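One-letter residues, chain by chain:
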Amino acid sequence: MNRPPPNYVTGTNCVVDEDHQYTVPIKMIKTQIDMPLWEKSEAYLEYLGFVLAINQAIEGKSNDEGSKNSSEQVNNIDIMLNSISKIIDETPAIDQPQRFGNQAFRTFYQKLKDDLFNLLQTALPERLYRSIPEIMIYLLEGFGNSTRIDYGTGHEISFVMFLCCLFKIGFFTDTDKPATGCKIFSKYLDICRKLQQTYRMEPAGSHGVWSLDDYQFVPFIWGSSQLIGHPKIEPSSFLKKNIVDQYALQYMFLSCIRYINQVKTGPFSEHSNQLWNVSGVPSWNRVNGGLVKMYKAEVLAKFPVVQHIVFGTLLPLTMADPNSAVRKMKSTLAVAPKEIEPLVFQPPKTPSGDQASQEEEEEESESSKSDEVQSTPTPRVKLASSASAMSKASTTPKEARKGIHFKES
């Protein structure tokens, strides 16, 4: 039966009509063979576009600035997250012989699962109650795995997908984008750190010292965007404890660094070598662009992460048609971060050695090379121009470069 086109609400990215048939999302990436479908799917383009949209919306904004005059909808989700935090307080860790993976997390997880429907009903208007069975799965998965008692970037993806779905069902509007990153996501990070510390959760899929962070990635992307144009804080500044302590509550990137400093010991260049490399990049614009590329290559393109993503009607694992009229946008869309270059963060030969030289693109003049080296106070990053690095780190879909997200269906 032919259905009439949906009625969209001005100023939102709502893609569903009143008769939309929601479903409980399920895992659909079963083997490595399914990865090409994921990378060309509606869900991938919608998700990446959403990350870029928030990235642009919070550029140059502190948490307080981005949260200013937040809407009732944003405040409702913030209250819901506070309720989730209280469940942790009501479920203390138990005494057990093993150091990691406190069994009390499973009790917390079951309580959250039991309460989540009611929590979402309290936050959402009645007209959106039908969406709860679909979106609550993304929210639940965003707090870790109850079997392994671990947390990682796959769970982070799930929560960001939950936020994306709130826009797609018309609960959040375009004006809520800054507060989504600066208020809601910042509160989510606080809860995840509380979970990690309370229940000693294992990092899910950590690559050790050569990964960006044991648990998170998105706050480094959005947090570097917040710092673009900051008059005082440069990329090298996050190695200074006084700067981190002073500004951690206002900028996600610095809050992540402070947390790392609290839970890890030893020289920063040894326990967080990739981040130490990032500190040598001359501008936050370039850090932001490099992190987007790294995220696509090291997280969104990795089967061990993607296999846990669930897909429903809002974020479907169906092939996207980039030329179709259904991909017209209804709002001012995000563009890729400025100065995105073929940049990958590579570790130096020795963790403690500074990289004083940089490899530029072959077509650049010798004078531009000289300017680049002079602008980098203590460079710790190599600019990779090889074909292998480009193919891994620079495979930006044409649609994503245009800022595509929140499709019309």
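Data block above holds the structure.
Keep in mind the model is a prediction, meaning the values are calculated, not measured.

Caption draft 1: Representation of unusual backbone geometry in the model. Residues other than glycine seldom take positive phi values, yet asparagine 69 does so here, at roughly 55 degrees. Structurally, asparagine 69 can be placed in the loop between helix H3 (63–67) and helix H4 (72–89). With a relative accessible area of 75%, asparagine 69 lands in the exposed category. Backbone geometry places isoleucine 149, a non-glycine residue, at a positive phi of 50 degrees. As for its position among the elements, isoleucine 149 is in the loop between helix H6 (132–141) and strand S2 (150–151).

Caption draft 2: Summary view of the environment of aspartate 190. Looking at the secondary structure, you find aspartate 190 in helix H8 (residues 177–199). Measuring from C-alpha to C-alpha, the distance between aspartate 190 and serine 255 comes to 9.5 Å, with 65 residues separating the pair along the chain.

Caption draft 3: Empty space enclosed by the protein, seen in detail. Within the structure shown, the criterion is met by three cavities of 30 Å³ or more. Looking at the largest cavity, its volume works out to about 50 Å³. Along its surface, the largest cavity is lined by Arg193, Gln196, Asp213, Tyr215, Gln216, Cys256 and Tyr259. When residues of the lining of the largest cavity are traced back to their parent elements, those giving at least two are H8 and helix H11 (252–263). Its residues assigned to classes, the lining of the largest cavity shows three nonpolar, two polar and two charged.

Caption draft 4: Seen up close, the nonpolar core. Ranked by internal contacts, the top residues of the largest apolar core, which has 110 residues, are Trp38, Phe108, Phe162, Leu166, Phe185, Trp222 and Phe253. When residues no more than four places from it in sequence are discounted, the contact partners of phenylalanine 253 are Pro219, Phe220, Gly223, Ser224, Leu227, Phe238, Leu275, Trp284 and Leu291.

Caption draft 5: How the structure looks around the packing of aromatic side chains. Applying the stated criterion across every chain, the model contains 23 aromatic pairs. Ring geometry for phenylalanine 143 and tyrosine 188: centres 5.7 Å apart, planes at 65 degrees, overall edge-to-face. Taken together, the positions of phenylalanine 143 in the loop between H6 and S2 and tyrosine 188 in helix H8 put the pair 45 residues apart, joining distant regions of the chain. Side by side, phenylalanine 143 and tyrosine 188 carry an identical accessibility label, which is buried. The rings of Phe143, Phe159, Phe162, Phe185, Tyr188 and Trp222 are connected pair by pair, giving a single aromatic cluster.

Here is what the cut-offs are and how they apply
- Residues numbered from 1 in each chain as written.
- Predicted model: local features only at pLDDT ≥ 70, side-chain atom pairs only at ≥ 80, totals over all residues.
- Heavy atoms only, no water.
- Helix = DSSP H or I, 4+ residues; strand = E, 2+ residues; numbered from the N terminus.
- Buried < 20%, exposed > 50% of the residue type's maximum accessible area, 1.4 Å probe, protein only.
- 1 Å grid on protein atoms, 1.4 Å probe; cavity = no way out; pocket = protein on both sides within 12 Å on 5 of 7 lines; lining within 4 Å.
- Points joined across faces, edges and corners; volume = space filled by probe spheres on them.
- Nonpolar A, V, L, I, M, F, W, Y, C, P; charged D, E, K, R; others polar.
- Core = buried A, V, L, I, M, F, W, Y, C linked by side-chain atoms within 4.5 Å.
- Contact = heavy atoms within 4.5 Å.
- Phe/Tyr/Trp six-rings, centres within 6.5 Å; stacked < 30°, edge-to-face > 60°.

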